[in-house]
Amino acid sequence: MAFELEGDEPTFGWWSMEVNVGGYWYKKPFWVEDDQNARFEIFMDQPKYVFEHDFGIAGWFEGNYSDSGVSGRGNGTMTITIKPVGVSEDNYVQFTRPLIYYGGRQSYLITMAELKREMMRRDSKLTNPSLKGAEVDVNIDVYEWFYVDTSGNSMVTFIYSAEPRLKFVGDKIRTFKPSMNFTVHVAAMLLDGKPVPYGKPRANVTFEVTTRSRNGFVIPIKRTLKYVLKSGVVTIVVSPHPQAEFITIRASYGRNAGTLITMTASRCYSPTNSYLQVTTPTKKPRVNEFMIFLAKSNTYFDTLYYQIVAAGELIMADAITPKIPTKQITFAVTMSKKMAPSSRIIVYFLKPDNEIVADSLNYFVDFASNQHDVGLTINRGKDFSGNSFEVKIKAGAYIFVASSGMVADWYDFGGGYFNTITMDWLIKELMTYDRHANLTHVHTWNKGDHEKEIVTFPAPNYAIDANTTFTFAGLNIFTDAIASRIPTPCNYTLGFLTCFDGSCFREEQWCDGKLDCAGGFDEMNCPEENPLPELERMAATGLINRQYVDEGWLWLEHLTRPWGSYIKGVNVPYHPAQEWVLHSFSMSRYKGLGIAKKPIRINIRRSFYIQVEAPEKIVRGEQLGVRVSAFNYWTDYLEAIVQLEKSEDYAFVHVEPYGRVSSYNPRTSKKAQQVVVYLAPGEGKIVHFPILPQRTGNIDITVTGSTFIKRDEVTISVNVINIGVRNGYSVPFLINLLNQGSVLVPNMKSPVPEQFQMPNSNIFRYVPGTESCSVTVTGDVYGAYYRKWTPSGEKSPLTYLRGENLYGRPSHTGEATISNFAANLYSIMFLKITQQLDDGLQADILEQMNQGFSKVLRFLLPNGGMRNFMLPGADDEPASLWVTSIAAKVLSEARQGEWENILYIPVELLNKMILFICKQQDKRTGAFSDPSPPYDRKMSSNITWDGTKFTQKNISLTATVVLSLVGNTAVTGDARTCMEGSRSLAVKYLNDQISLIQDPYQMALVTLALERAASLKKNDAFQKLRTMNRTDTATYWSFTSIKQNPTFMQDALPVLKWRVARESEGFANEGTAYSLLSYLMNNQLTDAIHIMNWLQTQRNGHAGWRSSRDTLAVLEALAQWGMRDTNRNMYNMKVVVESTVLGSWKREIILDNDNFNMIHAIKLPSAFGSVRAYAQGNGLAVMRLACSMNVEYGHQLRRGPRDSFELDIDTLQFSGKNFSSMYMKTCARWTQVTTSPVSGVAVIDIQLPSGYFVLDEVMDNQVHNRNPVNLRRARQLGNRLFFWFDNITSTNKSCASFTAHRWFPIANMSIYHQYRVYEFYEPMNHNSSIYTTYQLTQLDICQVCGSFQCPYCPFYNSAPLWAISMWMYVLVTLALIVLLSDRYFWNIFEKG
């Protein structure tokens, strides 16, 4: 089973996986952490703890470039802080060590003498300071010379006492029965859980047994000396005096009073002093073997009853009747699987006076010896290169086997215990099923290397009387006999519990560390105290991102073959983690679970390998230094030949002697290039190959590394884009063949002029070669489909619908994330209802929606509200009622019984969200108000004239909430009650506002809410809505006129031009979509066709409009419109596409039942002229011409209806080695004050030069520090930086500032880069411009250290460069001639 977390930012923190088997739920928690790479990072290792008599603390550290793993060079400082016990922070002892030069892995040793010396230097009064219990923090900061970067890390070591400690096996509070022996086991161990060393002199434990009688006198103390056995356990048998009332047992190790432990035992209660005890002489009970029990009483019985209970289940029950009454009886019981690993026997008899006398015994049943053995071996003999190996698991024929793997560093740090199935873990887990009862005495030894060993002993019941004997055994007793109970006045219903002597204590006093009962019953069965609590702090201290790797390559599962084994070859992954731990287990139908006895450690380190790195995207004309890292992990020096393979896609850039090279016109060649790299054992080196891409698109770069022991080859892909800033254009058209057999589509005019050169000017209209046009056709009116059609008929990869592929902008807000989920939901529901969805496609979509749902939950707050921005490290961000309402509506619609096994939306989640929504309502008026800012300006409280005065109304927000409430029919309990009440109040509020509404968008939203709520005034609202539409070009709703897409006549034929941005398009699209839904609910299908046609003309993509809100509203409306078409099965269409400039060129698109719900795309060979098309058949389809071209000047960028923002660059500075660092500050101010005093959510988008990056951690800190205060999110996506703001005001500028660093060496960089600001929910309110970086354009490949040929760079390789040319062949030929001639003359000499 696998579940992929959606995106790069799922919900961080604790997750859990729950499994239900046979009605039993099992829950496994796991932690999801944010992994953010640094450019240069420190990895260090040192012990988690040492003992005070150890010589010191030894550790090592290394600093690597995180992208390659090669060690850096620099200097640094080691800071050591000593934190003694009971000392304030001001009195910590701190000292430093200089790291004069760092160049690879380095070891360090901090001796105990040095630590004590520093403590005495701090305090001269100390003569022999104690380090017992101290904490030693080691912090290492390294200054890396090349990147001019500082990185650090720290680890903690705790110093503990070397003195042994004692621990009772079992509880330290017990009961006893007079004249009946009981056994006490004591474990003698070190502080880390290992047994005390066994040898000479022999260690001993002294026991003191003190008995207090019923009359109050104290029986003389009995001292016993016991030697510690090799097992580490000491056993003593205590014989209680017949008059004993209270027994105290003290144990101490040797003469060390500091090891003293104490156990108390109280006398069991019986009104007639009748007692029964059950014991066993069987030391190791095993499954399918007999276990002998001995029942002994101080009074005669004629029938003995017994029951065996395990895991809360009654396994067996029987009665034994001896021939004559007896006080003692021996019997045997066969142990079964159900009794493992821990069970208990309850024995009892009935006295003539009707008193029940009972006892129980807990015991461990060994089931491992009856299991099949699991063998785990590794075979590396088939691939000596180290690229792969075989895993062999042996367990018997046709048995399910599985394996799991983990990075050894994390396993050693403690993570292995929680992520591998071991026998001790399994035993402890199974014993939790009897958590309600007394358990077998269990002690776990630490055997080192994270191995555990469990020892068990039979455990008597701790009950004080017959009644609690059954209770402590996990049974309830119903009888008319006398089940004796100690007399007590305690009232359990009032929170009082009973002590062993009948006195009372409060329930909250249980396990509070204080003895409130004479016998200590209030401290019985308390959680065991961890002797090393500090070691639970297992955060990723000292770890680097090599720990966060994909471990799935070692997670295997299969059935064994008939010969009893399973062999699987696995490929070793490419990442720095070198040592792994492999574990395995099996599951048999007959023998159950089998576990490998010991995990295997695997060193996957290759003797030699290379890594190749380059940016994902660069601009054509730029020169790229491909970074190749070569590693030698062999035992000797290696001479490696690293070769850049030849290709027509790129040319190699040559550097002339002394590092001379041109930035814009270097000497190049397309031959393979070689360089020799000398590597010491354990060394890694970086080599840069400079290349110049020869074309746009994805190019493959292949590099090989060869030594005499191994060859490695790596191929990477780089996307080469055109120079300039892209301008995009769209020409949509709806093909309607419902009432005619064929139609001639109007010519679609391309915006690309054939002449790119402007007359009498040196400015190009566009960058030649960047022009591109394509035609897409999608069946039906919907368009939001998941797959593209391919001519071969193969299914293209599934595409999850999101903002990037719908409306062309990243969706990193809570609302946009929910809208992504909703777009996929409406699409799958549309395809399902229209019978266009097969089971395979449905399962694939639901799997991706499940990941999307996990990302939606990241914005959920504990109070049930959803926030629009996930601020790193800030949980005080208020929830948004608007976002919560949208989420509640969408998630309620996603609750479908047919797919809840894949996508499950819990009703408890909806209940929480509805309760939050209800709390935001004004119960007097029924209106809702939002505790967060109005992210969408349409949700702002607007000023409305009610006939007498202006009032502020929350009409739009209230209508949005009503749409959420009316759809949540699955909520239960208090949520349902509050939902119905709030809905009634809100509907009444909206009814009262109908006459006051003047805004068409607001009217459309309110009408839809009242329609779905079945309001009595829904008809009034609908009639008013009809009067507010605009019909100047088509039927739509907008407070401003939106002109139709431009057209003109050419040769008596209409020609469609590209869409031109209009003011408030997003608002109009959303409002018109709501109106279409209302028309459909009123069955106004004729008018609905005109509304649908207008929405089709507003497309900006094949499935997107302007923003997330209008796109989602239109998709919902089109889905509802399309579901009403009953003739879809007969749809069949042929679309023929031609170009006016390509003569006979034409392409046919066939739409049928197999591909109607796919995207058909045709790229035009020429972007000039116009596109002609005609269609035949029947049905509906959406056709769209999409064109783009790149420009170089700000005035050439596409503009909105007006510049709604003032945008400028406050600062642009370059610093560092050859401009390796770039600081930029861009500011924006809202200028459209006639519409609103502030914008809605606004985004500043900045394009970075190729190879420059900003760390996510840096941007998160900027957001967390609220700099500026309205900044809510910042991220680098590809080569663009995005800054999200709550809003941007007209009074103060909002600025986005950052420092980007060069990560990849790129020369002759592109000059022109775009920066822009836009309103997220109305993107046509924007401003765009271009900034230039002439400084970077003039840099050559050596100035950015992008070639091994550059003599003044740290990665300079002085070994000769080899180009495979004719001279090379000549030299090789001459060498062969010499060798052959020598051999010829030698043969003649031998022959004499």
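Calculation notes
Residues numbered from 1 in each chain as written. Predicted model: local features only at pLDDT ≥ 70, side-chain atom pairs only at ≥ 80, totals over all residues. Heavy atoms only, no water. Buried < 20%, exposed > 50% of the residue type's maximum accessible area, 1.4 Å probe, protein only. Helix = DSSP H or I, 4+ residues; strand = E, 2+ residues; numbered from the N terminus. Pairing = 2+ DSSP bridges. Phe/Tyr/Trp six-rings, centres within 6.5 Å; stacked < 30°, edge-to-face > 60°. Lys NZ or Arg CZ within 6 Å of the ring centre and 35° of its normal. Axes fitted to C-alpha atoms, helices over the stretch in contact; angles between N-to-C directions. Salt bridge = Lys/Arg side-chain N within 4 Å of Asp/Glu carboxyl O. Core = buried A, V, L, I, M, F, W, Y, C linked by side-chain atoms within 4.5 Å. Contact = heavy atoms within 4.5 Å. Polar contact = N/O pair within 3.5 Å; in protein donor to acceptor, adjacent residues only side chain to side chain. 1 Å grid on protein atoms, 1.4 Å probe; cavity = no way out; pocket = protein on both sides within 12 Å on 5 of 7 lines; lining within 4 Å. Points joined across faces, edges and corners; volume = space filled by probe spheres on them. Nonpolar A, V, L, I, M, F, W, Y, C, P; charged D, E, K, R; others polar. Parallel < 35°, antiparallel > 145°, perpendicular 65-115°, else oblique. Left-handed = near helix turned anticlockwise from the far one by under 90°. Disulfide = S-S within 2.5 Å.

Trainee: I'd like to hear about the pairing of strand β12 (residues 173-176), residue by residue, with values.
Mentor: Neither face of β12 is exposed, since I173 and T175 on one face and R174 and F176 on the opposite face are all buried. Examined bridge by bridge, β12 and strand β18 (residues 256-267) share four bridges and lie parallel to one another. Its bridge partner lying in β18, I173 is registered against T264.

Trainee: I'd love a proper account of the packing of aromatic side chains, names of residues and values included.
Mentor: Considering all chains together, one arrives at 52 aromatic pairs under this definition. Between the aromatic rings of Y101 and W145, the centroid separation amounts to 5.7 Å while the plane-to-plane angle is 45°, which identifies the pairing as tilted. Placement of the pair is Y101 in strand β7 (residues 93-102) and W145 in the loop between β9 (135-144) and β10 (149-160), with a sequence separation of 44 residues. What makes W145 partly exposed here is its relative accessible area of 37%. Ring geometry for F652 versus F689: centroids 6.5 Å apart, planes at 65°, classification edge-to-face. With F652 in strand β43 (residues 650-653) and F689 in strand β46 (residues 684-693), this residue pair connects regions lying 37 residues apart in the sequence. For the pair shown, F652 and F689 are each scored as buried. Among the aromatic side chains, those forming a connected cluster through ring pairs are Y49, F51, F158 and Y160. For R606, the ring lying beneath its charged end belongs to Y609, and the centroid distance is 5.9 Å. Of note, K1057 hangs over the ring of W1058, and the distance from its end group to the ring centre comes to 4.8 Å.

Trainee: Account for the sheet that holds strand β11 (residues 165-168), naming residues and giving values.
Mentor: In a beta sheet, neighbouring strands are held together by backbone hydrogen bonds and run either parallel or antiparallel to one another. Across the sheet, which stays open at both edges, the three strands sit in the order β11-β13-β16 with antiparallel pairing between neighbours. In the strand order of this sheet, the two ends are held by β11 and β16 (233-238), each with one partner. Taken pair by pair, the neighbouring strands of this sheet meet at an average axis angle of 25°, ignoring direction. Strand direction decides the pairing type here: β11 and strand β13 (residues 182-189), joined by four bridges, are antiparallel. In the sheet register, L166 faces β13, and the bridge partner there is A188.

Trainee: Kindly report on the pattern of salt bridges, identifying the contributing residues and their values.
Mentor: Under the definition given, this model contains 45 salt bridges. Of the charged contacts, one joins E1116 and K889 as a salt bridge, the two residues approaching to 3.5 Å between their closest N and O atoms. Remark: K889 occurs in helix α8 (residues 881-894) and E1116 occurs in helix α16 (residues 1108-1123); sequence separation between them is 227 residues. K889 carries the same exposure label as E1116, and that label is buried. The residue D1245 makes a salt bridge to R1280 at a minimum N-O spacing of 3.0 Å. Here R1280 lies in strand β65 (residues 1280-1285) and D1245 lies in strand β62 (residues 1242-1247), a separation of 35 residues in the sequence. There is no split in this pair, since D1245 and R1280 are both buried. Connected through salt bridges with shared partners, the residues K889, E893, R1012 and E1116 form a single ionic network.

Trainee: Hey, could you go over the sheet that holds strand β21 (residues 304-310) for me, with residue numbers and the actual values?
Mentor: Reading across the sheet, the five strands line up as β22-β21-β24-β25-β31 and stay open at both edges, with antiparallel pairing between neighbours. Among the strands making up the open sheet, the edge pair consists of β22 (313-320) and β31 (459-460). Sheet topology note: the strand β25 (residues 356-364)/β31 ladder contains two bridges and is antiparallel. Within the sheet, the bridge partner assigned to L361 lies in β31 and is P460.

Trainee: Let's hear about the nonpolar core: which residues, and what values?
Mentor: Core analysis: the largest hydrophobic core is formed by 267 residues, its most contacted members being L115 and F1283. Of all the elements, strand β59 (residues 1170-1191) adds the most residues to this core, at 11 residues. Look past the residues within four positions of L115 in its chain and what remains in contact with it is I57, I80, I82, F95, I110, L131, V136 and I159. Among the nonpolar cores identified, the runner-up in size contains 34 residues, and I308, I329, L361 and V365 belong to it.

Trainee: Let's hear about the side chain of S151: which residues, and what values?
Mentor: Its location among the elements puts S151 in strand β10. Relative accessible area serves as the criterion here: at 10%, S151 is assigned to the buried category. Among the polar contacts listed, one links the side chain of S151 to the backbone oxygen of F40, at a separation of 2.9 Å. Once you skip the residues sitting within four places of it in the chain, S151 turns out to touch F40, E41, I42, I140, D141 and V142.

Trainee: Go over empty space enclosed by the protein, please, and point to the residues and values.
Mentor: Sizing a probe to match a water molecule and rolling it over the atoms shows the empty space that remains. One pass over the structure, following the stated rule, counts six cavities of 30 Å³ or more. If you add up the space inside the largest cavity, you get close to 200 Å³. Along its surface, the largest cavity is lined by 20 residues, and I886, K889, L963, Y1074 and R1109 are the ones closest to its centre. At five residues, the largest contribution of residues to the lining of the largest cavity is made by α8. Residues of the lining of the largest cavity, tallied by class, amount to 12 nonpolar, three polar and five charged.

Trainee: Any chance you could break down the packing of helix α10 (residues 955-967) against helix α11 (residues 973-993) for me, citing the residues and the numbers?
Mentor: Across the interface, α10 lies against α11 with an axial gap of 10 Å and an inter-helix angle of 140°. Relative to α11, α10 is oriented oblique. Relative to α11, α10 is oriented so that their crossing is left-handed. Each of I955, T958, A959, V962, L965 and V966 in α10 lies in contact with α11, whose residues at this interface are M979, S982, R983, A986, V987, Y989, L990 and Q993. Here the residues of the contact of α10 with α11 are counted per class, giving 10 nonpolar, three polar and one charged.

Trainee: Which residues make up the state of the cysteines, and what values go with them?
Mentor: Applying the stated rule across the entire model yields eight disulfides. Two residues share a disulfide in this structure: C511 and C526, whose sulfurs sit 2.0 Å from each other. An S-S torsion of about -95° defines the bridge between C511 and C526 as left-handed. Here C511, found in the loop between β33 (504-506) and β34 (556-559), pairs with C526, found in the loop between β33 and β34; they are 15 residues apart in sequence, far enough to count as distant. Of the residues examined, C526 reaches a relative accessible area of 27% and is grouped as partly exposed. With a sulfur-sulfur separation of 2.2 Å, C1345 is cross-linked through a disulfide to C1353. Here the disulfide of C1345 and C1353 is left-handed, its torsion about the S-S bond being about -85°. For C268, which is in no disulfide, the shortest distance to another cysteine sulfur is to C499 and amounts to 15 Å. Given the relative accessible area of 8%, C268 is considered buried.

Trainee: Kindly report on the side chain of Q836, identifying the contributing residues and their values.
Mentor: The residue Q836 is located in the loop between α6 (814-833) and α7 (839-856) in this model. A distance of 2.9 Å separates polar atoms of two side chains, one belonging to Q836 and the other to T834. Apart from residues no more than four positions distant in its own chain, Q836 is found in contact with D780, F830, L831, R1128, F1156 and N1157.

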